[in-house]
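Architecture at a glance
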Amino acid sequence: MKSYLILCLLVIALALPACSGPSPTELLETARLEEKQHNPEHAATLYREIISKFPESEAAKTAAARLAAMAPTP
């Protein structure tokens, strides 16, 4: 029984990180790819998601800069 409990805890511990979603770096890479593929709407959505979910990260600073660069100039 003890071995079964340890096995269950191990499986849960290994599965939890997979449920957390993409990292800010992964989102940033995807957003950059979307820009290169001429899909600025999706790139902007991803940049805003990075800023919202990871506001203190370096990726958020980069995302904010990319959003500013993508903004139409008057």
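As shown above, the structure is provided for reference.
A brief report on the enclosed structure follows. (Residues numbered from 1 in each chain as written. Predicted model: local features only at pLDDT ≥ 70, side-chain atom pairs only at ≥ 80, totals over all residues. Heavy atoms only, no water.)

So, on to helix α4 (residues 58–70). For α4, spanning 13 residues, the distance from its first C-alpha to its last is 18 Å, which sits close to the expected 18 Å at 1.5 Å a residue. Contacts from the buried residues of α4 go to α2 (24–36) and α3 (40–53). (Helix = DSSP H or I, 4+ residues; strand = E, 2+ residues; numbered from the N terminus. Expected span 1.5 Å × (residues − 1). Contact = heavy atoms within 4.5 Å.)

In this section: the nonpolar core. Burial of nonpolar side chains together is a common tendency in soluble globular proteins. Membership of the largest hydrophobic core is limited to ten residues, which are Leu27, Leu28, Ala31, Ala43, Leu46, Tyr47, Ile50, Ala59, Ala60 and Ala63. Going through the elements one at a time, α2, α3 and α4 are the ones with two or more residues in this core. Considering every element that reaches this core, the biggest residue donor is α3, with four residues. Setting aside chain neighbours within four positions, we find Leu46 in contact with Leu27, Thr30, Ala31 and Glu34. (Core = buried A, V, L, I, M, F, W, Y, C linked by side-chain atoms within 4.5 Å. Buried < 20%, exposed > 50% of the residue type's maximum accessible area, 1.4 Å probe, protein only.)

Looking at the secondary structure, you find Ser57 in the loop between α3 and α4. Among the polar contacts listed, one links the side chain of Ser57 to the backbone oxygen of Phe54, at a separation of 2.8 Å. (Polar contact = N/O pair within 3.5 Å; in protein donor to acceptor, adjacent residues only side chain to side chain.)

Another point: the environment of Thr62. By secondary structure assignment, the location of Thr62 is in helix α4. Counting along the chain gives twelve residues from Thr62 to Ile50, while the straight-line C-alpha distance between them is 9.4 Å. Not counting chain neighbours up to four residues away, the residues in contact with Thr62 comprise Leu28 and Arg32.

Here the focus is the environment of Thr25. On the secondary structure map, Thr25 appears in helix α2. On the accessibility criterion, Thr25 (46% relative accessible area) is partly exposed. Taking the C-alpha atoms as reference, Thr25 lies 8.9 Å from Ile50; in sequence the two are 25 residues apart.

A separate point is the packing of α2 against α4. At their nearest, the axes of α2 and α4 sit 10 Å apart, and the two run at 20° to each other. Here α2 lies roughly parallel to α4, going by the angle between them. In this structure, the crossing between α2 and α4 has a hand that is left-handed. Contact with α2, carried on its side by Pro24, Leu28, Arg32 and Glu35, involves Ala59, Thr62, Ala63, Arg66 and Met70 of α4 and no other residues of that element. Its residues assigned to classes, the contact of α2 with α4 shows five nonpolar, one polar and three charged. (Axes fitted to C-alpha atoms, helices over the stretch in contact; angles between N-to-C directions. Parallel < 35°, antiparallel > 145°, perpendicular 65-115°, else oblique. Left-handed = near helix turned anticlockwise from the far one by under 90°. Nonpolar A, V, L, I, M, F, W, Y, C, P; charged D, E, K, R; others polar.)

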